Amino acid sequence: MLDPDYLDRAGDMVAAVYGEIEADMLAHLCRLLLDKGAEGLGQRGTTALNLLAQSAAPQLMAFIERHREDANRAVLRTVEDALGRSDRTDLGRMPKDARDAAGRTLPRQVELTARGIAEILERDNVDMAQGALSLWNRCVAEAAAKVNTGAETAERAIHQAVRRMMREGISTVAYRDAETGRQTVVNRIDVAVRRHVRTQIAQDGMRRTLDVCGGAGIRLVEVSSHGGARPSHAKWQGRVYSLDGDVEIDGVRYRDFYRETGYGKVDGLGGANCRHSFGPWAPGTPRMYSAEPSHPSGLPSDEVYRLTQGQRRRERDIRQTKRELAGAQLIADKDASMANIAEVEKLKAKLRGQQDGLRRYIDEANRKGGSPVLQRSPNREWAGDMPRVRKTDASRRTMGEFLDGDAAKRSLKARGMTRDDAKLALSSELGSRGIPEQSWKYLSRSTQRELFGKAVNSGAISQPMGTGRKRAEAHAKRYYEELANRDRASTIAKIAEASGMDVTDAERAFMHLFVEEHDLADGHRKFDPDYYMAQSIQRLIDTGRPLPHDLVLFRHEALEARYMAEGMTQGQAHDKANELYNYQKMLKEWIDGREGA
């Protein structure tokens, strides 16, 4: 008999080896995508890239072969420990001659169980390689769609594909509908391996228990129990049953083991995801389990189950972040831009936070009862494992903390700039480099100073057009180009939300202002980039601090576009839209107010 908590951990050692294999496969495919992807998307298309992945299939199987001995050792150690533990529990209840006879057959049983697991893992190996290629195909297809629609550049789409591959990891189809062939359950490879090892050990251990009981003439067995059991299993756990049908012994009736527990069926004892087991029992001897088990901590079973699942969820999050960090590091190694380095630092900080959070969660859970409920399980946090990353040089200063520093204050005072001016300028500078504003604290101190210097000297500040005109126009052009490279749907959704508009109207305004060409006084063309409009849009969708005139900009443009669609010239439509939404008038009042302040 194996206790439920032990069975829950039984596949961890083997799953950790497969975590290393997965890390090798993902790193190989991501490097391939980074090296060849941009060229492929731009010139040869997704078919060529998918053929490239197919050519990598032998290398994927080579990673499995490289770790084969590690996997075999992990399987053997797991099986020896599990069956040895089961035997010690079972044989401790038997006469000496029965113990001696069973002991002689244990090595053979270990060999058979290890061989059975190895055969299952061979199927997992093939599924794993296929799962890796399927992941590649999905991510490449998404990247190609983004490039073809103009939503992203090839380089940015490839970086996003790498991050997605690492975030999702390799999955396998665990179950298919027998009639339709459609997949019904998809598992991460580490989850699938852990379950397969656990199931094989549990089932072989129980078959051995039946053999040992038969050899010793023992016909009663006790079923284990655990908190949080599914209702269909809770009704038969922790009880004694007969292996010979319903019997009565010393006035006590024992029900049929097979009928009551469903042993051998997929939804019964020893079936899918079942952690129950059973062992020999003789009347008058102590029982090991109860039908309504209580945890040593004194907490209710449902509470223990909830806490355990909370730990499992946090472990999965840690594994995912480790994979994401490995992908971000690959991207930064290929292109050490500020944005890519900031992403690495951001994920390192996220991982530290998750690990600290797990430690606090376990400590808090263990203070709830009279004894510990949870314990740290490093194997379940394993993801290959940690990529080799540079020592962090993130400043960890927020933008606000940076601007409140003495050096920044002196610089702003010398230029006659306000703190808000500088924050807007920095937001624009970060946006032009593809760095989210919230990633500022993950940049190094020297990088922060460099960006600050460029921002406050670039003209990317709220100032009248009469001064620094060339710098202001350059900023507007740069920001318009940066907007064109963003995800259009996401940008339009932000405009709609910030302006309080319908998405359809926001899209009409966006297309009118940035995409479509119009019959203007000097020809058929797009509108010129406008500095003040660029500033309004930044405040609307980037900084989240719009001014009153910012809020009417896109309403004006949407209405102007509608009037032009009805046959008005651009000038007529502009004047008509001003009757409701006069952006220019409100802008002038704001500028005059600043100059008079």
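Quick notes on the rules
- Residues numbered from 1 in each chain as written.
- Predicted model: local features only at pLDDT ≥ 70, side-chain atom pairs only at ≥ 80, totals over all residues.
- Heavy atoms only, no water.
- Phe/Tyr/Trp six-rings, centres within 6.5 Å; stacked < 30°, edge-to-face > 60°.
- Helix = DSSP H or I, 4+ residues; strand = E, 2+ residues; numbered from the N terminus.
- Buried < 20%, exposed > 50% of the residue type's maximum accessible area, 1.4 Å probe, protein only.
- Lys NZ or Arg CZ within 6 Å of the ring centre and 35° of its normal.
- Axes fitted to C-alpha atoms, helices over the stretch in contact; angles between N-to-C directions.
- Left-handed = near helix turned anticlockwise from the far one by under 90°.
- Contact = heavy atoms within 4.5 Å.
- Nonpolar A, V, L, I, M, F, W, Y, C, P; charged D, E, K, R; others polar.
- Pairing = 2+ DSSP bridges.
- Salt bridge = Lys/Arg side-chain N within 4 Å of Asp/Glu carboxyl O.
- Polar contact = N/O pair within 3.5 Å; in protein donor to acceptor, adjacent residues only side chain to side chain.
- pLDDT = per-residue confidence, 0-100.

Side note on the packing of aromatic side chains
Here comes step 1: Scanning all chains against the criterion turns up eleven aromatic pairs.
Here comes step 2: Seen in terms of ring centroids, Phe510 and Phe514 are 5.0 Å apart; in terms of plane orientation they differ by 50 degrees. Their pairing is tilted. Linking Phe510 with Phe514, this pair stays in helix α18 (residues 503–515), spanning four residues, or about one helical turn. Here Phe510 matches Phe514 in class, with each residue buried.
Here comes step 3: Here a set of aromatic residues connected by ring pairs shows up, and it is made of Phe257, Tyr258, Tyr263 and Phe278.
Here comes step 4: Here the guanidinium or amino end of Arg314 rests over the ring plane of Tyr361, the centre of that ring lying 3.8 Å away.

Some thoughts on the packing of helix α4 (residues 68–91) against helix α7 (residues 189–216)
Here comes step 1: In the contact formed by α4 and α7, the axes pass within 10 Å of each other and the chain directions differ by 35 degrees. The two elements α4 and α7 meet at a crossing, and its hand is right-handed. Residue-level inspection shows Thr78, Val79, Ala82, Leu83, Ser86, Asp87, Asp90 and Leu91 of α4 in contact with α7, the latter providing Val197, Ile201, Gly205, Arg208, Thr209 and Val212.
Here comes step 2: Among the residues forming the contact of α4 with α7, the class breakdown is seven nonpolar, four polar and three charged.

Quick notes on the pairing of strand β3 (residues 220–223)
Here comes step 1: Residues Leu220 and Glu222 line one face of β3 and the alternating positions Val221 and Val223 line the opposite face, and both faces are buried.
Here comes step 2: Sheet topology places β3 next to strand β4 (residues 240–242); three bridges connect them, and they run antiparallel. Residue pairing for β4: Val221 is matched across the bridge by Tyr241.
Here comes step 3: Pairing analysis gives three bridges linking β3 to strand β7 (residues 278–280), with the strands arranged antiparallel. Each bridged residue has a counterpart across the sheet, and for Val221 the counterpart in β7 is Pro280.

A closer look at the environment of Tyr241
Here comes step 1: By secondary structure assignment, the location of Tyr241 is in strand β4.
Here comes step 2: The sequence separation of Tyr241 and Val223 amounts to 18 residues, and the corresponding C-alpha distance is 7.9 Å.
Here comes step 3: Excluding residues within four positions of it along the chain, Tyr241 makes contact with Arg219, Leu220, Val221, Val223, Lys235, Trp236, Tyr254, Arg255, Asp256, Phe257, Glu260 and Thr261.

What about the pattern of salt bridges?
Here comes step 1: Inspection of the entire model under this criterion finds 34 salt bridges.
Here comes step 2: Between Arg275 and Asp5 there is a salt bridge, with its nearest N and O atoms 3.8 Å apart. Taken together, the residues span a long stretch of sequence, with Arg275 in the loop between α9 (257–261) and β7 and Asp5 in helix α1 (residues 4–9) at a distance of 270 residues.
Here comes step 3: The class of Asp5 is partly exposed, set by a relative accessible area of 48%.
Here comes step 4: Arg525 is the salt-bridge partner of Asp528, the closest N and O atoms lying 3.1 Å from each other.
Here comes step 5: Exposure remark for Asp528: the relative accessible area of 52% places this residue in the exposed category.

A few points about the side chain of His233
Here comes step 1: You can see His233 is positioned in helix α8 (residues 231–234).
Here comes step 2: A relative accessible area of 1% means that His233 is categorised as buried.
Here comes step 3: Reaching out from His233, the side chain makes a polar contact with the backbone oxygen of Asp267 at a distance of 2.9 Å.
Here comes step 4: Excluding residues within four positions of it along the chain, His233 makes contact with Asp267, Gly268, Cys274 and His276.

Side note on the sheet that holds β3
Here comes step 1: If you walk across this open sheet you meet the three strands as β4-β3-β7, and the pairing is antiparallel. Of all strands in the sheet, those with a lone pairing partner are β4 and β7, marking the two edges. Sheet twist, expressed as the average angle between the axes of neighbouring strands with direction ignored, equals 35 degrees.
Here comes step 2: Sitting on the sheet, α7 is in contact with β3 and β7, with an inclination near 15 degrees to β7.

Things to note about the confidence of the model for the chain
Here comes step 1: Of the residues in the chain, 88% have a pLDDT of 70 or more, and the chain-wide mean is 83.
Here comes step 2: When mean pLDDT is compared element by element in the chain, β4 scores highest at 96, while strand β1 (residues 171–176) scores lowest at 63.
Here comes step 3: Confidence over residues 386–390 falls short of pLDDT 50; this stretch has 14 contacts with residues more than four positions distant or in other chains.
Here comes step 4: Below a pLDDT of 50 lies the segment residues 459–468, which in the model reaches 30 contacts outside its immediate sequence neighbourhood of four places, other chains included.

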